[in-house]
Amino acid sequence: MMKQVKCECGHVNPHGTVLCESCGRVLVEEEKSKKLVDMRYEGSARRSQTYNKTIIDKIWNFFSSVKVGVTLIIITLAASAIGTIFPQEMYIPPTENASVYYEDQYGFAGEVYYTLGFHNLYSSWWYLLLIASIGVSLVICSLDRVVPLYRALKKQRVDRHEGFLKRQRLYRATTLASIEEDSFENIKVKLKEKRYNIREENGSILAEKNRFSRWGPYINHIGLIIFLIGGMLRFVPGMYVDELLWIREGETVVIPETKGEYYLENHEFILETYEKEKENEAFTTAIENNGTVAKNFQTNVSLYKESGETIAGQEPELEKVEDYELRVNEPLKFEQFALYQQSYKLGEISEMSFALTNKETNEEFGQMTIDLHNPQDEYTFENGYSVELMSYFPDFEFDENSEPVTKSRVPNNPAFIFKMFSPEHPDGEVSFVAIQQTIEPYGDNDLKMAFKGVDTQNVSALTVRKDLTLPILAIGGLIFMIGVVQGAYWNHRRIWIRRLGDQVLVAGHTNKNWHGLKREITHVFDGSGIQEPIDQSDEITNKKGKEE
Amino acid sequence: MVALSGNLLFIAFLLYLVGTAFFAGSIKDKKAREKDHGPNKWAKIGVTIAIAGFICQVGYFITRWVAAGHAPVSNLFEFTTFFGMCLVGAFIVIYFVYKLPALGLFTLPVALLLIGYAAMFPRDITPLVPSLQSNWLHIHVTTAALGQAILAISFVAGLIYLIKAVDHTKKTKEAIWLEVVLFGVVCTLGFIIISSVFGATGYKSEFHWIDNNNVEETLEYHLPALVGPHEGEHLTPDKFSPLVETPGIINAKKLNTVLWSLFTGAIIYLLFRLFVRKRMTLALQPLTKRVNLDLVDEVGYRSVLIGFPVFTLGALIFAMIWAQIAWSRFWGWDPKEVWALITWLFYAAYLHLRLSKGWHGKKSAWLGVIGFIIIMFNLIVVNLVIAGLHSYAGS
């Protein structure tokens, strides 16, 4: 099936090879007419350049093209930029409805943005598809090139064919009456000084260094693939947790996603701002100009682990793990979890106090304090007075039918329906009480609930995070960095010196930084009697320039 | 200490200015043109002055660090001056490899503009908000800035390449675009000049206006208001009254600043055309006469090769590590993050086009120029216009 190409030198090359892996002889007719050979992948047989029959070949060829890869990169780049024109949905105020927010804030453009789904661009199917295509392109591009390149570099001979040397960018032939061994030795010493590895055969020299830098791109692509796989693993259940935990001062709650194993107690939330008297003098003007600058957000917490089996309905037995001052940049870590100071709310109402009062005489028959998170059903006083809490709306508003409802369970705007019992009214009087508002639905009452005061407390919001993909991402990132540095900070350089009759052929090749290679070559051949190679691409461009 | 720090920065600024003059001299020097052996006396003095300026700026950086107790990279002024410093540092290193005086002639003015631009923003030493209180501030921001600065060298090299290689006597697309790029640079100068002029006179005009959420706000202009805010009420009638009113979704003050910069830039440009009677690119072309195009191309490419890993490390990897610690997630599609990714993708495309598609010379030079425009966009527009988690910049 595979048609192999046998070179005149005897080496058998895979089908599609342009330059013999061993001697470098040009194997393809049309390449022979060219002044310079294309050295990009050593003229090796790349699958994508060789086969184009089956569907698999076609897909392979599509993704193996750098042009396609770069196009994908540019499209992704442009799409990413579009996503920053207006804020993504996750950054608009959480109380806002996206469907109206964008139009409200940004007019027609905002409406279009929302309609096209750009408000969630980075999680849209087509954006993810773009990223996935880049991933596929990375794999196929790399495989298509690295295998043949590896073969070609591994199999290269020292005394390469004249046609190969002649078609190198740096090349020159020197005719010498006699070759002095001394000057050859001298060249080798100088090459070694420059850290070239030297191979010799039949009086020819191949000096090569930093071949490993050729693997840099492939290694960094492996790193990227690992990184992308790590990113995908987030969607595997159990790998990733992202929860927001609102916790009040004094409260102990179970930490979500820990299967009821861990509990957290909030002792205190602390908000500090910079005060110019107390701070570094250098900050004074900035504090004066900017007003309040936050200095510290901190929640003092205790972490508990549940010990032993709990029976349903019973209070869990908790064992303290540690006390921790949880600040921004200082998350609390336990097992696979980490807790982060994310947000806070100061002065949330926690308790409200009322007095059962006679409207006319202002006589009080008893005081009660309602715990807004855990209200009692009934509050009893002496002498036959009592209050029943018929309904409680922590976050009260009237709905479209003018019925009282609650927006949430957070006591932002508490309202109550009380039934007040007294010896005079054993069936009770009903009163609706909200902040600065009292409604008496069944006519005039004798008694009222007089507002006495509130108690507030701070609430801290902590992010509960588990991300088991992090180690994979870290490995991917590390491999990428190693690969990219390897490929960028070193250059693969080769110098061929071949004796052919009374001629010495010298050629040089590098994958980048020709300037550096030329400088090394000048140093190596200086005073050897062998003329240093010239840059044939200059000649070509000069000729072109003259013709134009 | 704070005063000393400010003075050192000012001295550095002056030295860069003098250094530029010497590099210009090194190219004009007729004697040196004949013997083509490395940099001449002028260039040597130029680079010495640049190094002296760099040392002064490092002095500014250290003294300010000591005074503040944290590395001065925490607001727009500090970051941009640091970026300018890295650019000069990168230039000095590359100068000693390639001995290209023209590189100094073009890099130092870019650094000068960066520092001048930075100085137009609040220069107070600011205390750190909680999310910035981390050693990663020093690690992430400095590495990212260094990476960007090294990448910016490819912009300078690209500019030199194009000024020399493009035929500016004809009205080609390329020639016009290059002139536009230079006009952009001139507008930056315009911004610095006009802000300094009105800043020195203490110009101030105030408005009441209604913002997008129907809330009444006060706005303070430091440049005469060409455009006024939405339903703005001018509170300082003795000052220049706006000609046009903007809709509520546009920030009138920023638009006003942009208009003034363009306006001043246009005046400078027209004056230049009036006196020199040549397009700017054509007037600059003689300065690139002795430049070896191949070498400049190589400098541009190498600076991308060297800068790309540094940028990746600083602007993406260190950034992700810190984001994980401070914000609980390593990546959040914040505009600054996205634009760092865009920059990275762009330079990745540059490298692929160059390696595999053989984009050398002009094409490569243009990519270097565009890359820098992206970096500047991320620094200026993303900070000032697209608000996000990274908007520490202030007004």
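Bear in mind that the values here come from a model prediction, so they are computed numbers and not experimental data.

Rules and cut-offs
Residues numbered from 1 in each chain as written. Chains lettered and ligands numbered in written order. Predicted model: local features only at pLDDT ≥ 70, side-chain atom pairs only at ≥ 80, totals over all residues. Heavy atoms only, no water. Domains from an automatic or database assignment. Contact = heavy atoms within 4.5 Å. Buried area = accessible area lost by both parts, 1.4 Å probe. Patch = residues over 30% accessible without salt bridge, like charges linked within 9 Å, V, L, I, M, F, W, Y side chains within 5 Å. Areas by Shrake-Rupley, 256 points an atom, 1.4 Å probe, with all protein chains shown as cover. Salt bridge = Lys/Arg side-chain N within 4 Å of Asp/Glu carboxyl O. Helix = DSSP H or I, 4+ residues; strand = E, 2+ residues; numbered from the N terminus. Buried < 20%, exposed > 50% of the residue type's maximum accessible area, 1.4 Å probe, protein only. Phe/Tyr/Trp six-rings, centres within 6.5 Å; stacked < 30°, edge-to-face > 60°. Lys NZ or Arg CZ within 6 Å of the ring centre and 35° of its normal. Pairing = 2+ DSSP bridges. Axes fitted to C-alpha atoms, helices over the stretch in contact; angles between N-to-C directions. Polar contact = N/O pair within 3.5 Å; in protein donor to acceptor, adjacent residues only side chain to side chain. Nonpolar A, V, L, I, M, F, W, Y, C, P; charged D, E, K, R; others polar.

Enquirer: So what exactly am I meant to see when it comes to the domain arrangement of chain B here?
Expert: It is common to give the size of an interface as the accessible area that goes away when the parts come together. Residue and element names in this part refer to chain B. Structurally, chain B comprises domain 1 (2-168 + 279-384) and domain 2 (169-278). Averaged C-alpha coordinates put domain 1 and domain 2 at centres separated by 26 Å. Tallying the contact residues gives 22 residues for domain 1 and 25 residues for domain 2. When domain 1 packs against domain 2, close to 2,200 Å² is buried across both sides, 74% of that on carbon and sulfur atoms.

Enquirer: Would you take a moment to explain a nonpolar patch on the surface for this structure?
Expert: Residues and elements named next belong to chain B. Among the surface-exposed residues, I249, I250, L255, V258, L259 and L262 lie close enough to one another that they form a single nonpolar patch of about 440 Å² accessible area. Turning to its location among the elements, L255 is positioned in helix α8 (residues 252-276). Taking the relative accessible area as the measure of exposure, L255 reaches 31% and is therefore partly exposed.

Enquirer: In this structure, what is going on with unusual backbone geometry? I would like to understand it.
Expert: In most cases, non-glycine residues show a negative phi, while peptide bonds are predominantly trans. All names here are of chain A. Positive phi outside glycine occurs at N202, with the angle close to 45°. Relative to the assigned elements, N202 resides in the loop between β4 (197-201) and β5 (204-209). Using a relative accessible area of 67% as the deciding quantity, one classes N202 as exposed. For N383, which is not glycine, the phi torsion reads 60° and is therefore positive. Given the relative accessible area of 63%, N383 is considered exposed.

Enquirer: Whenever I open this one, the packing of aromatic side chains confuses me. Can you help?
Expert: Each aromatic ring pair is described using two quantities: the centre-to-centre distance and the angle formed by the ring planes. Residue and element names in this part refer to chain B. This structure, assessed with the given rule, holds 57 aromatic pairs over all chains. When the centroid spacing of 5.6 Å and the interplanar angle of 90° are considered together, the rings of Y95 and F96 count as edge-to-face. One residue, K239, lies across the ring of Y203, its end atom 5.1 Å from the ring centre. Lying over the aromatic face of Y301, R354 brings its terminal NZ or CZ to 4.2 Å of the ring centre.

Enquirer: Help me understand the pattern of salt bridges in this model?
Expert: Side chains carrying opposite charge are able to pair once their charged atoms draw close together. Residues and elements named next belong to chain A. This model, assessed by the stated rule, comprises 37 salt bridges over all chains. K34 serves as the salt-bridge partner of E31, at 3.1 Å between the closest nitrogen and oxygen. According to the relative accessible area criterion, E31 is buried, its value standing at 14%. E325 serves as the salt-bridge partner of R327, at 2.7 Å between the closest nitrogen and oxygen. If you follow the salt bridges from partner to partner, you end up with R248, E251, K345 and E348 in one network.

Enquirer: Looking at this model, I keep getting lost on the environment of V47 of chain B. Mind explaining?
Expert: All names here are of chain B. With respect to the element layout, V47 can be found in helix α3 (residues 41-68). According to the relative accessible area criterion, V47 is buried, its value standing at 5%. Separated by 205 residues in the primary sequence, V47 and A252 have C-alpha atoms spaced 43 Å apart. With sequence-adjacent residues up to four places away left out, V47 is seen in contact with F23, Y95 and F96.

Enquirer: Teacher, can you tell me more about the sheet that holds strand β20 (residues 437-439) of chain A here?
Expert: Where strands meet in a sheet, backbone hydrogen bonds hold them as pairs that are either parallel or antiparallel. All names here are of chain A. In space, the five strands of this open sheet follow the order β14-β15-β18-β19-β20, with antiparallel pairing throughout. The sheet is open, and its two borders are formed by β14 (378-380) and β20, each paired with just one other strand. Geometrically, the sheet is characterised by an average inter-axis angle of 25° between neighbouring strands, direction not taken into account. In this structure, strand β19 (residues 429-434) lies alongside β20, joined through three bridges in antiparallel fashion. Across the sheet, the residue bridging to A434 is Q437, located in β20.

Enquirer: Would you mind showing me how to read the interface of chain A and chain B here?
Expert: Counting from both sides, the interface comprises 62 residues of chain A and, opposite them, 61 residues of chain B. Counting each side, the surface lost to burial between chain A and chain B is near 4,900 Å², with a carbon and sulfur contribution of 63%. Per-residue buried area on chain A facing chain B is highest for T84, Y91 and N329 of chain A; these three make up 12% of the total on that side. Across the contact surface, chain A and chain B share 20 residue pairs in polar contact (both at pLDDT 80 or more). Residues belonging to the side of chain A that touches chain B are distributed by class as follows: 34 nonpolar, 17 polar and 11 charged.

Enquirer: Is there a simple way to explain the side chain of T63 of chain B in this structure?
Expert: All names here are of chain B. In this structure, T63 sits in helix α3. Residue class for T63 comes out buried when judged on its relative accessible area of 11%. When residues no more than four places from it in sequence are discounted, the contact partners of T63 are M1, L4, S5 and L8.

Enquirer: Which parts of the structure should I look at to understand the sheet that holds strand β9 (residues 294-306) of chain A?
Expert: Residue and element names in this part refer to chain A. Here we have four strands laid out as an open sheet, ordered β7-β8-β9-β10, and antiparallel in their pairing. Edge positions in the sheet fall to β7 (252-254) and β10 (318-327), since each of these pairs with one other strand and no more. Adjacent strand axes in the sheet meet at a mean angle of 25° when their direction is disregarded. One ladder, built from 11 bridges, connects strand β8 (residues 262-273) with β9; its direction is antiparallel. When the sheet's bridge partners are listed, I270 is paired in β9 with Q298.

Enquirer: Is there a simple way to think about the pairing of strand β3 (residues 170-175) of chain A in this case?
Expert: Regular strands place side chains that alternate from one sheet face to the opposite one. Residues and elements named next belong to chain A. Summarising the sheet, β3 and strand β23 (residues 503-510) pair through six bridges and their orientation is antiparallel. The partner of T175 across the bridge, within β23, is Q503. Taken together, the two bridges between β3 and strand β24 (residues 534-535) define a ladder with antiparallel strand orientation. Pairing of L170 across the sheet is with D535, part of β24.

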